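Now for the letters of each chain:
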Amino acid sequence: MKKTWFKIAAIIFFLASFIRITTINLPWIYSSLGPDFTQVWLSAKALVQAKEPYLAAGLNYPNAYPPISEIFFLPFALLSHQVALVLFTYISFASIIGSVFLSLKIAAKKVPWHYFLLFIGLSFASFPIRFSLGMGQINMIVLFLLLLAVYFETRSVKNSPAAGLSLGMAIALKPIFAFFLLLFALKKSWKLIFTSTLTVAILIVVTLVFWSPQIWISWYQSAIFPLTSFTAPYLYVYPNQGAFGFISRLITDMNVKIILSRAVTVILVPLAAYIALKKKEYNLGLSFFIITLLIFDITSWQHHFVWLMFPFVVLFVNILKSKSAELLGLLILSYLLVSWNIENYTLYPNIILSNQFYGSLILWGLNFYFLNTRQIKTTKVDNGSIRYKIFEFLNLE
């Protein structure tokens, strides 16, 4: 009977979140410009017209997507801006649902329908998801492609070529995802790495055959150099929620900011690689890599934190096995911090303005704990206790 009430609650929560996002958020997105989508749409339109894509008229800020990414946006350039934006939003919306499904399938080996609805509802209620949709970002699509690659690679009958193609497309759309090649190398997924690298290489050749190599130079000079030289002004705003954003809000000296940011990378990346090499656990390894990427990347905007969907699902499944109310409480706190947006952030002290960063640190700690626990320690629970009732209620069955 209690389980029935949980399923009813999951349905109600899903419907409330779904109605909110479809009646309030999506109509607003359709009537807006979708700022980030507009950038790539204008660049793709310039490519169709054989013009310089990174100097296209109407670009309000540098387009950070490389030329290989623009190949995927060429079909949208043939449509009007509004029609293209709506179509792109629907694809992103479907990617949210697909990513929840794959996260549960990979982490729990099954997809209980009430948990499927619950996690979709939690995704719709999270600000990074709504922000990503509103900006016309590609984050949900690349997450879906990454999870699809993992699914193909880790299922009982491997399909490494399909996994490599999926990961290659994700890297082409979001080059920072090349970071995950390190994880797959440590897991000795050589066929996947070869196929994904070949996919990206072919796309690069296509850009060199059909367009001038100058577009790569323009891309680097207009978008990448300002980031790597720490001169881009948008690195120092509230939406930047990685370690660099946190450091920048507390320290004014530029040299110290850069040194500390690089120190974070030097510490976290080898640590993630070492743990992934020593531990056979695939899901927790990928989860740890995703969290690590969001912490050390100097451009971890709020909308990038949609990638935490998979870590949340993986850690939730592990916490259910541990029956630890304390760890469950930390996971809930992390979700609230990651999902929260401070609207009038100029009114608050800087120490408060890194909520996604703090939430990610909690997830990192939980992930690190489970990776370094030889086998999940199940907390002793007395039948009839509140703790017992909570985890019986949350059982994945």
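Data block above holds the structure.
Residues numbered from 1 in each chain as written. Predicted model: local features only at pLDDT ≥ 70, side-chain atom pairs only at ≥ 80, totals over all residues. Heavy atoms only, no water.

Scanning the protein chain from N- to C-terminus turns up 18 helices and 0 strands. Relative to a compact globule of 397 residues, whose C-alpha radius of gyration would be 21 Å, the protein chain shows 21 Å and is just as compact. With the C-alpha coordinates aligned to their principal axes, the bounding extent of the protein chain is approximately 70 × 50 × 45 Å. Counting only residues that meet the buried cut, the protein chain has 55% of its 397 residues in that class. In the protein chain, 75% of the contacts between residues at least 6 apart in sequence involve partners at least 24 apart. (Helix = DSSP H or I, 4+ residues; strand = E, 2+ residues; numbered from the N terminus. Rg over C-alpha atoms; globule rule 2.2 N^0.38 Å. Buried < 20%, exposed > 50% of the residue type's maximum accessible area, 1.4 Å probe, protein only. Contact = heavy atoms within 4.5 Å.)

With 118 residues, the main nonpolar core has F37, F73, F177, F180, L286 and W307 as its most contacted residues. Filtering out sequence-adjacent residues up to four positions away, F180 remains in contact with L146, L286, F289, I290 and L293. (Core = buried A, V, L, I, M, F, W, Y, C linked by side-chain atoms within 4.5 Å.)

Burial analysis of helix 12 (residues 243-250) places 6 of its 8 residues in the buried class, the great majority of the element. When we look at burial in helix 12, the residues that qualify are A243, F244, G245, I247, S248 and R249. Contacts from the buried residues of helix 12 go to helix 13 (254-278), helix 14 (282-296) and helix 17 (355-371).

This paragraph deals with the side chain of Q356. Among the secondary structure elements, Q356 is positioned in helix 17. With relative accessibility at 0%, the residue Q356 sits in the buried group. Within the structure, the side chain of Q356 is placed 3.4 Å from the side chain of Q302, a separation counted as a polar contact. Among the polar contacts made by the side chain of Q356, one reaches the side chain of N355 at a distance of 3.3 Å. For Q356, the residues in contact, after removing those within four places along its chain, are P128, Y238, Q241, Q302, F305, L337, V338 and W340. (Polar contact = N/O pair within 3.5 Å; in protein donor to acceptor, adjacent residues only side chain to side chain.)

What follows concerns unusual backbone geometry. Its identity is not glycine, yet K109 carries a phi of approximately 65 degrees, on the positive side. Relative to the assigned elements, K109 resides in the loop between helix 4 (81-108) and helix 5 (113-125). Here K109 falls in the exposed class, since its relative accessible area comes to 60%. For K188, which is not glycine, the phi torsion reads 60 degrees and is therefore positive. Mapped onto the elements of the fold, K188 is located in the loop between helix 9 (180-186) and helix 10 (190-210).

On the surface, a nonpolar cluster with roughly 600 Å² of combined accessible area is contributed by L250, W340, L347, Y348, I351 and I352. With respect to the helices and strands, I352 occurs in the loop between helix 16 (325-339) and helix 17. Residue I352 is classed as partly exposed on the basis of its relative accessible area, which comes to 32%. (Patch = residues over 30% accessible without salt bridge, like charges linked within 9 Å, V, L, I, M, F, W, Y side chains within 5 Å. Areas by Shrake-Rupley, 256 points an atom, 1.4 Å probe, with all protein chains shown as cover. Salt bridge = Lys/Arg side-chain N within 4 Å of Asp/Glu carboxyl O.)

Turning our attention to the pattern of salt bridges. For the coordinates displayed, the defined rule picks out 1 salt bridge. Measuring nitrogen to oxygen at the nearest pair gives 3.4 Å for the salt bridge that ties E153 to K158.

In this section: the packing of helix 15 (residues 309-322) against helix 16. Put simply, helix 15 and helix 16 touch, their axes get as near as 9 Å, and they point 160 degrees apart. Relative to helix 16, helix 15 is oriented roughly antiparallel. The hand of the helix 15/helix 16 crossing is left-handed. Along the contact surface, helix 15 presents F312, L315, F316, I319 and S322, while helix 16 presents L327, L328, L331, S334, Y335 and V338. The class makeup of the residues in the contact of helix 15 with helix 16 is 9 nonpolar, 2 polar and no charged. (Axes fitted to C-alpha atoms, helices over the stretch in contact; angles between N-to-C directions. Parallel < 35°, antiparallel > 145°, perpendicular 65-115°, else oblique. Left-handed = near helix turned anticlockwise from the far one by under 90°. Nonpolar A, V, L, I, M, F, W, Y, C, P; charged D, E, K, R; others polar.)

Below, the discussion takes up the packing of aromatic side chains. Inspection of every chain in the model, using the stated rule, returns 34 aromatic pairs. With a centroid separation of 5.5 Å and 55 degrees between ring planes, the pair formed by Y115 and F316 is classed as tilted. On the criterion of sequence distance, the pair formed by Y115 in helix 5 and F316 in helix 15 is long-range, its members being 201 residues apart. On the basis of relative accessibility, which here comes to 0%, the residue Y115 falls in the buried class. (Phe/Tyr/Trp six-rings, centres within 6.5 Å; stacked < 30°, edge-to-face > 60°.)

Our focus in this paragraph is the side chain of H304. Positionally, H304 belongs in the loop between helix 14 and helix 15. What makes H304 buried here is its relative accessible area of 6%. Setting aside chain neighbours within four positions, we find H304 in contact with N139, K174, L294 and T299.

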